[in-house]
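Take a look at the letters that make up each chain.
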Amino acid sequence: MAKRARSPIRVGVAGWDYRDWKGVVYPDPRPRGFDPLRYLAGYLNLIEINTSYYGPPRVPVARKWLARVQDVPSFRFTAKLWRRFTHERQSSWTRADVRQVRRGFDVLQEGGRLDAVVAQFPWSFKYGAGTLEWLEDVTAEFASYPLVLEVRHESWNTPQFLAWLGERGVGFVNLDQPLFRRSIKPSAHVTSAVGYIRVHGRNYSDWFRKNAGRDARYDYLYDPKELKPWAARAKQAAENAQTTAVDVVFNNHYKGKAVVNAQQFRKLIEGTRPAAPPALVAEYGAELRGYVRADAGRAAA
């Protein structure tokens, strides 16, 4: 029997609108008409939409996202689920809440660009009867999308729960994160057609520090040797019989470090050197040497 072809592994970053990317990822000054989303789509396979966590994406905005990358047919989005369903659990959501989320996600799905919807729960969300019931309601509510679940507490990492996800066609998000107490450890679980890996960095000093800001928490640059085990896990997930794609998202965004590690990771996965934004090469030349092409100074369209 012929060996099954490996499913595509798409590599990208979480978000694209960061002030500290000016002159590091994006040119400074920016040319007239510069579009950061289209610019990144020239260098990466995937972007995870962060703004949908803070509020449902509006239909006109979602349509503009599609229009901005229409000339890059291989590019995909994933999107985080609104925190109303993952973090604001003091009361039940409403039908209006659900409709708001669906409107924007439907635009992306009908446009053929939505690889996954990421339901991200905090470390404090631990396995129990009440949390499982909440999770069952969330996954049922959004079952029409390629849903993947991020849980950060080790109590969820059991064969029984993985089977529970598989029965519902919900993917498991494999994590790289600072490991404290019962934080969930690295894995290569596949429970749906979408394999998913989120790479948060290993900033132990700030990850759980009460007053640490977003930038401090995600300020970490991986050494390529730290990425190699994850490249092996991504390939393993891509060879799973039920997988149609594996998405790898770098969330260590401070000062463009996610883009650096994404390009290094692509080299580990694909074997060939991708191009990188010229500003990034100028800022991280030593780290990118041997991982991006010699013509990496070209500008994306």
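What counts and how
- Residues numbered from 1 in each chain as written.
- Predicted model: local features only at pLDDT ≥ 70, side-chain atom pairs only at ≥ 80, totals over all residues.
- Heavy atoms only, no water.
- Salt bridge = Lys/Arg side-chain N within 4 Å of Asp/Glu carboxyl O.
- Helix = DSSP H or I, 4+ residues; strand = E, 2+ residues; numbered from the N terminus.
- Expected span 1.5 Å × (residues − 1).
- Buried < 20%, exposed > 50% of the residue type's maximum accessible area, 1.4 Å probe, protein only.
- Arc of directions from axis to C-beta.
- Contact = heavy atoms within 4.5 Å.
- Polar contact = N/O pair within 3.5 Å; in protein donor to acceptor, adjacent residues only side chain to side chain.
- Pairing = 2+ DSSP bridges.
- Axes fitted to C-alpha atoms, helices over the stretch in contact; angles between N-to-C directions.
- Parallel < 35°, antiparallel > 145°, perpendicular 65-115°, else oblique.
- Left-handed = near helix turned anticlockwise from the far one by under 90°.
- Nonpolar A, V, L, I, M, F, W, Y, C, P; charged D, E, K, R; others polar.
- 1 Å grid on protein atoms, 1.4 Å probe; cavity = no way out; pocket = protein on both sides within 12 Å on 5 of 7 lines; lining within 4 Å.
- Points joined across faces, edges and corners; volume = space filled by probe spheres on them.

A. Up close: the pattern of salt bridges. All chains considered together, the criterion is met by 17 salt bridges. For aspartate 35, the salt bridge is made with arginine 68, and the minimal N-O distance between the two is 2.7 Å. Of this pair, aspartate 35 sits in the loop between strand E1 (9-14) and helix H1 (36-41) while arginine 68 sits in helix H3 (residues 59-68), and the two are 33 residues apart along the sequence. Arginine 198 is the partner of glutamate 48 in a salt bridge, and the nearest nitrogen-oxygen pair spans 2.6 Å. Remark: arginine 198 occurs in strand E7 (residues 194-199) and glutamate 48 occurs in strand E2 (residues 46-49); sequence separation between them is 150 residues.

B. Representation of helix H8 (residues 224-238) in the model. Here H8 spans 20 Å end to end across 15 residues, near enough to the 21 Å set by a 1.5 Å rise per residue. Considered for burial, the residues of H8 that qualify are Pro224, Glu226, Leu227, Trp230, Ala231, Ala234, Ala237 and Ala238. Along the axis of H8, the buried residues cluster in a sector spanning 135°; they form a single face. Looking at the buried residues of H8, the elements they touch are E1, strand E6 (171-176), E7, strand E8 (245-250) and helix H9 (257-270). Where H8 starts, the residue carrying a side-chain oxygen 2.9 Å from the main-chain nitrogen of lysine 225 turns out to be aspartate 223.

C. Spotlight on unusual backbone geometry. Of the consecutive residues aspartate 28 and proline 29, the connecting peptide bond is found in the cis state with omega at 5°. Here proline 29 shows up in the loop between E1 and H1. The backbone phi angle of arginine 181 is positive, close to 45°, even though this residue is not glycine. Among the secondary structure elements, arginine 181 is positioned in the loop between E6 and E7. For arginine 181, a relative accessible area of 68% gives the class exposed.

D. Region of interest: the pairing of E7. Counted residue by residue, E7 has six buried out of six residues, so it is predominantly covered. Where burial is concerned, the two faces of E7 agree: the one with Val194, Tyr196 and Arg198 and the one with Gly195, Ile197 and Val199 are both buried. Bridging between E6 and E7 involves four bridges; their strand directions are parallel. If you follow aspartate 176 over to E7, its bridge partner there is valine 199. With six bridges joining them, E7 and E8 adopt parallel strand pairing. Opposite arginine 198, over in E8, you have valine 249 as the bridge partner.

E. A look at the environment of phenylalanine 142. Tracing the backbone shows phenylalanine 142 in the loop between helix H5 (129-141) and strand E5 (147-150). Along the chain, phenylalanine 142 and arginine 102 lie 40 residues apart, while their C-alpha atoms are 8.3 Å from each other. Leave out the neighbours within four places in its chain, and phenylalanine 142 touches Leu81, Phe85, Val98, Val101, Arg102 and Leu147.

F. Main features of the packing of H3 against helix H4 (residues 95-110). Look at H3 against H4: their axes get within 8 Å of each other, and the N-to-C directions meet at 20°. Between H3 and H4, the angle falls in the class roughly parallel. As for the relative orientation of H3 and H4, their crossing is right-handed in sense. Here Val59, Ala62, Arg63, Trp65 and Leu66 of H3 come into contact with H4, specifically with Arg103, Gly104, Val107 and Leu108. Counted by class, the contact of H3 with H4 contains six nonpolar, one polar and two charged residues.

G. View of the layout of surface pockets. The space that makes up the largest pocket amounts to roughly 670 Å³. Around the largest pocket, the lining comprises 25 residues; the ones closest to its centre are Asn50, Tyr53, Tyr54, Lys80 and Arg214. Elements supplying a minimum of two residues to the lining of the largest pocket: helix H2 (51-54), H3 and helix H7 (214-217). Per-element tally for the lining of the largest pocket: the top contributor is H2, with three residues.

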